[in-house]
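Listed here are the chains, written in short residue letters.
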Amino acid sequence: MSLRRWSTAALFAVFAVFTSGCAVNRATATVDPGANLAAIKTIHVVHTAEDGRKINDLIAQRLTQMGYAASTGESKRVDVDANMTYVDRWMWDITMYMIELTVVLREPRTDFPLAQANSLHTSLTRLPPKDMVQEVTTNLFKDVKK
Amino acid sequence: MSMLRIRFAGLALIAAVFTLAGCAAPADKQAMTVAKTVVVTKKHPYAVGVAVRGGSETTSTSSSNIADADLKAAIEASIRETQVFREVVQGRNGQYELAVNVIQLSKPSFGFSFTVDMEAGWTVTRVSDNQIVFRKAIASTYTASASDAFVGATRLRLAVEGAAKANIAQGLAAIGGVDL
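Residues numbered from 1 in each chain as written. Chains lettered and ligands numbered in written order. Predicted model: local features only at pLDDT ≥ 70, side-chain atom pairs only at ≥ 80, totals over all residues.

**Overview of the sheet that holds strand β6 (residues 113-121) of chain A**
All names here are of chain A. Across the sheet, six strands lie side by side as β1-β6-β5-β4-β2-β3; this open sheet has mixed pairing. The strands lining the two open edges of the sheet, one partner per strand, are β1 (25-31) and β3 (69-73). Looking at each pair of strands side by side, their axes are set apart by 20° on average, direction ignored. Strand direction decides the pairing type here: strand β2 (residues 42-46) and strand β4 (residues 82-93), joined by three bridges, are parallel. Within the sheet, the bridge partner assigned to H44 lies in β4 and is N83. Contacts from helix α2 (residues 55-65) reach β2, β3, β4 and β5 (95-106), with the element oriented near 170° to β3. The strands touched by helix α3 (residues 129-140) within the sheet are β1, β5 and β6, with β5 carrying the most contacts at an inclination of about 25°. (Pairing = 2+ DSSP bridges. Helix = DSSP H or I, 4+ residues; strand = E, 2+ residues; numbered from the N terminus. Axes fitted to C-alpha atoms, helices over the stretch in contact; angles between N-to-C directions. Contact = placed C-beta atoms within 7 Å.)

As structure tokens, this is what we get:
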């Protein structure tokens, strides 16, 4: 085999290894054994300092849509049933897209994490931020009977 | 053979080596186990069962992660080392159950020094009446530098293991500081 063919094959292999990671989906949620999510009615979404895209507004809107009394702001509150923090991770592939969103529901006074949900969608199965928010919040409260 | 072809082949080879060298390895349970040196104020004369969730497996398409089973084994071994509980049992067959819920494992994608942040919720429940006797969010961090490992994937695994080990050390020290 000529050098050019070897080089092409090697590049193809590298490309295949890289692109095999382009269709990964993951959606998980865990709830602390002592947490009673059914008792939660009011949730305050704490804006993450690094988030310049106002994902907190999307989360608060989604929680309101789900029937919770939701608010959002820069700092935590103690007069609610739970605070919600989040981490949004973005990647570039032709355009910027949200690759991962993690939301954590926390006890207001101690900051203890009551429940967590995470969604990961790589480039080929990317979702708009609104849909990522919908997926994580749906998974977070999926076992709650209202 | 022209210089251009040689360079092209060289670049392809380097790219292949770096790609394959970047294959992620899961965090090792022994590397996450804390030693006897961790200060535990009280050694509780009870048997405890350990349950872990929120971890994730390391796959060919992900970076280094902590599997639930490996973290559970590391916590169990650390309890035996530090003797914060008298005995480790399986399931809810002890007087207490320790539940560790991994909330976040923040890992960088690039860099010379990799800093990993970990947060886990630690809950101890008395089995007889299901009463929660200890509950705390434990945050830990660990930085692995280029001097620790040259290959990025190895450096990241070391950082993940270091953050988990620090989390276990802090969690057990906190449990060892309360009355059960």
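Now that the structure is up, let's keep going.
**Side note on helix α3 (residues 68-82) of chain B**
All names here are of chain B. The end-to-end C-alpha separation of α3 is 21 Å, in line with the 21 Å expected for 15 residues at 1.5 Å each. For α3, the set of buried residues is D70, L71, A74, I75, E76, S78, I79 and T82. Backbone geometry just downstream of α3 places Q83 in the positive-phi region, at approximately 60°. (Expected span 1.5 Å × (residues − 1). Buried ≥ 20, exposed ≤ 12 C-beta atoms within 10 Å, placed from the backbone.)

**Description of the pairing of β4 of chain A**
Residues and elements named next belong to chain A. Here β4 pairs with β5 via 11 bridges, running antiparallel. Looking at the pairing, D88 lines up with L101 of β5. Counting the residues that bridge the hairpin from β4 to β5 gives one residue, and of these I94 lies at a positive phi of roughly 70°.

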